Amino acid sequence: MHTVAVDVTFFDQEIETLPRERLRTLQEAKLAALVASTYGSNPFVTGKFDAAGAAPGDVRTLEDLAGLPFTTKAELLACQTDEPFSTNCTFAETAYTRIHQTSGTTGPPLRVFDTAESWDWWGRCWGFVLAGAGLTAADRLFVPFSFGPFIGFWAALGGADKIGALMIPGGGRTSSQRLGLMADMGVTAMTCTPTYALRLAEVAGEEGFDLSEIPLRITVHAGEPGANVPATKARIEGAWGAKCYDHAGASEVGAHSFECQAQPGGTHAIDSEFIIEVVDPATGQPVAPGSEGELVITNLGRAGFPVLRYRTGDIVKVDTAPCPCGRTFTRFDGGVIGRADDMVVVRGVNIYPAAIENLLRHHEAVDEFRVTISTRREMAEILIEIECRRSVDDEPTVQAVRSAFESSLGLHPEVTAVQRGTLPRFELKARRFVVERG
Ligand SMILES: [Zn+2]
């Protein structure tokens, strides 16, 4: 076991280090309370119980929960026929104070309704995320986005409030203006997508802005995998001279996992606020600890818009070894490894976009990329377009990328260098992987 070089910061140390059996007792008590407050008043939840022939009093333990049916995104979307509200709302309209929604990049947006209590719970979950990365009341947290219906930044603001950090909003300005604001304010922490952290560093390079003028020490990333891709993490840390932390969450369920300062190569689930299951995506049966499977989540702090056994579509692998940080919360080896529907089988090998991103980010000269995987023919074809820092004729980099794919993944992609500025730049929800399925 390696030791932690820094003092570990907790948000709620007692809860985060509870023995596992006491965590289970806490989860089961919260589960029983959730079922009691939603059955009979939440039409969707009541319908699920009734269809399964389950009585609310039957759900007392984690094993009982595992006997209930899953909840899917399609079901939650179908609840929205009660425009603009949802049949997954437990309380009367007057109980709700906030609304947020999913980005809608892969389908119609899902609207989520929060009570004052559940909005506060979002902030509590982000308290675990930010304190887990070492944020304290002495930090100045920069959020380089405008606030819209996406929950991430609102929840980060709630978490920073609970910790007492100084929060600096950076919406409504260009990347260049944001760099100036960060330097002026002496920003020490930033939360954004991994893509945008790299984009800001790229803009600094283009404009001759010296990033050492910003005393940044922590970056916390959400919205995309990136921060758990080792080469991407290393690139962000190298550009900013800061430690880079991963976080995963979803509007549908909440902010559910975070990376601690021990950085053992993965994340912790917030077991006090969620019940985690990992199942075989094909059969829905639990997988053995240490095996990859789909993350299924029950949230325990959102009675106004609950999800029982929500199928996230995210692939994770539980690591049962204790974490050097001292937390007893569940560990995910490598964080969220990928999306179940992003996985492509090439020559019998399961490949997730993160593995491809990791290979490409190892090449210093590659600033941006796009990967198109076509499975239309019997043999999958992969096209990789790269933008190189030095010039479009950077043949050594093209060759190096090609041979890295051959030696690491046994793949033979077509690699093409394109003119700088050809490939799209992203701030949120980067889409660098295109899969054309046969
Ligand atoms: Zn840890």
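Higher on the page you've got the structure.
The rules behind the values
- In this numbering scheme, every chain counts its residues from 1 along its sequence in written order.
- Where local features are concerned, this predicted model is filtered to residues with pLDDT of at least 70; where side-chain atom pairs are given and counted, the filter is 80 or more; whole-chain, interface and lining totals use all residues.
- Note that the side-chain values use all heavy atoms of the structure and ignore hydrogens as well as water.
- Keep in mind that water is not among the atoms, so a site may look incomplete; donors are the N, O and S atoms within 2.8 Å of the metal, or 3.2 Å for Na, K and Ca.
- Only four donors with every angle between 85 and 135 degrees are called tetrahedral; only four or six donors with opposite donors over 155 degrees apart and all others between 65 and 115 are called square planar or octahedral, in that order; all others are irregular.
- Working definition: with a 1.4 Å probe on protein chains only, accessible area under 20% of the residue-type maximum means buried, over 50% means exposed, and in between means partly exposed.
- Whether two strands pair depends on DSSP finding at least two bridges between them.
- Helix and strand labels come from DSSP, where a helix needs a run of H or I of at least four residues and a strand needs a run of E of at least two; each type is numbered from the N terminus.
- Between N-to-C directions, angles span 0 to 180 degrees; the directions come from axes that are lines fitted to C-alpha atoms, helices contributing only their stretch in contact.
- A cavity here means a set of points on a 1 Å grid, drawn over the protein atoms and nothing else, where a 1.4 Å probe fits but cannot get out; a pocket is an open set with protein on both sides within 12 Å along at least five of seven lines, and a residue lines either one if it has an atom within 4 Å of a point.
- Grid points are joined across faces, edges and corners, and a volume is the space filled by probe spheres set on the points.
- Residues are grouped as follows: Ala, Val, Leu, Ile, Met, Phe, Trp, Tyr, Cys and Pro are nonpolar; Asp, Glu, Lys and Arg are charged; all remaining types, including Gly, are polar.
- In this tally, Lys and Arg are treated as positive and Asp and Glu as negative; His is ignored, and so are the chain termini.
- For this document, the term salt bridge refers to a Lys or Arg side-chain nitrogen within 4 Å of an Asp or Glu carboxyl oxygen.
- Note on definitions: a residue-residue contact is assigned when non-hydrogen atoms from the two residues lie within 4.5 Å.

Peer 1: When you look at the coordination of the zinc ion in this model, what are you seeing that I'm missing?
Peer 2: Note on metal geometry: ideal angles are 109.5 degrees for four donors arranged tetrahedrally and 90 or 180 degrees for six donors arranged octahedrally. At this site the zinc ion is bound by Cys 260 (SG), His 268 (NE2), Cys 323 (SG) and Cys 325 (SG), with donor distances of 2.1 to 2.3 Å. For the zinc ion, the four donor atoms are set out with angles of 105 to 115 degrees between them, so the coordination reads as tetrahedral. Read in sequence order, the donor residues for the zinc ion give the motif C-x7-H-x54-C-x1-C. On the basis of relative accessibility, which here comes to 0%, the residue Cys 260 falls in the buried class. Exposure remark for His 268: the relative accessible area of 1% places this residue in the buried category.

Peer 1: Looking at this structure, I do not really get the sheet that holds strand 17 (residues 366–374). What am I missing?
Peer 2: If you walk across this open sheet you meet the four strands as 19-18-17-20, and the pairing is mixed. Two strands lie at the open edges of the sheet, namely strand 19 (414–418) and strand 20 (433–436), each paired on one side alone. Neighbour-to-neighbour, the strand axes of the sheet open up by a mean angle of 20 degrees, direction not taken into account. Across four bridges, the pairing between strand 17 and strand 20 is parallel. Residue pairing across strands places Ile 373 opposite Val 435, the latter belonging to strand 20.

Peer 1: What exactly am I supposed to notice about empty space enclosed by the protein here?
Peer 2: If a probe as big as a water molecule is rolled over the atoms, it shows which places are left empty. Counting across every chain of the model gives three cavities of 30 Å³ or more. In this structure, the largest cavity spans a volume of roughly 90 Å³. Class assignment of the residues belonging to the lining of the largest cavity gives a composition of eight nonpolar, one polar and one charged. Reported here for the second largest cavity is a volume of approximately 50 Å³.

Peer 1: Before we go on, may I ask you to explain helix 11 (residues 353–361) in this structure?
Peer 2: By the criterion of burial, helix 11 is predominantly enclosed, with eight of the nine residues buried. Three or more residues of helix 11 are buried, namely Pro 353, Ala 354, Ile 356, Glu 357, Asn 358, Leu 359, Leu 360 and Arg 361.

Peer 1: Sorry if this is basic, but what is going on with the side chain of Arg 235 here?
Peer 2: Along the chain, Arg 235 turns up in helix 10 (residues 230–240). In this structure Arg 235 is buried but unpaired, with Glu 364 as the nearest side chain of opposite charge at 4.3 Å. The residues touching Arg 235, leaving out its near neighbours within four places in the chain, are Leu 198, Leu 360, Arg 361, His 363, Glu 364, Val 366, Asp 367 and Arg 389.

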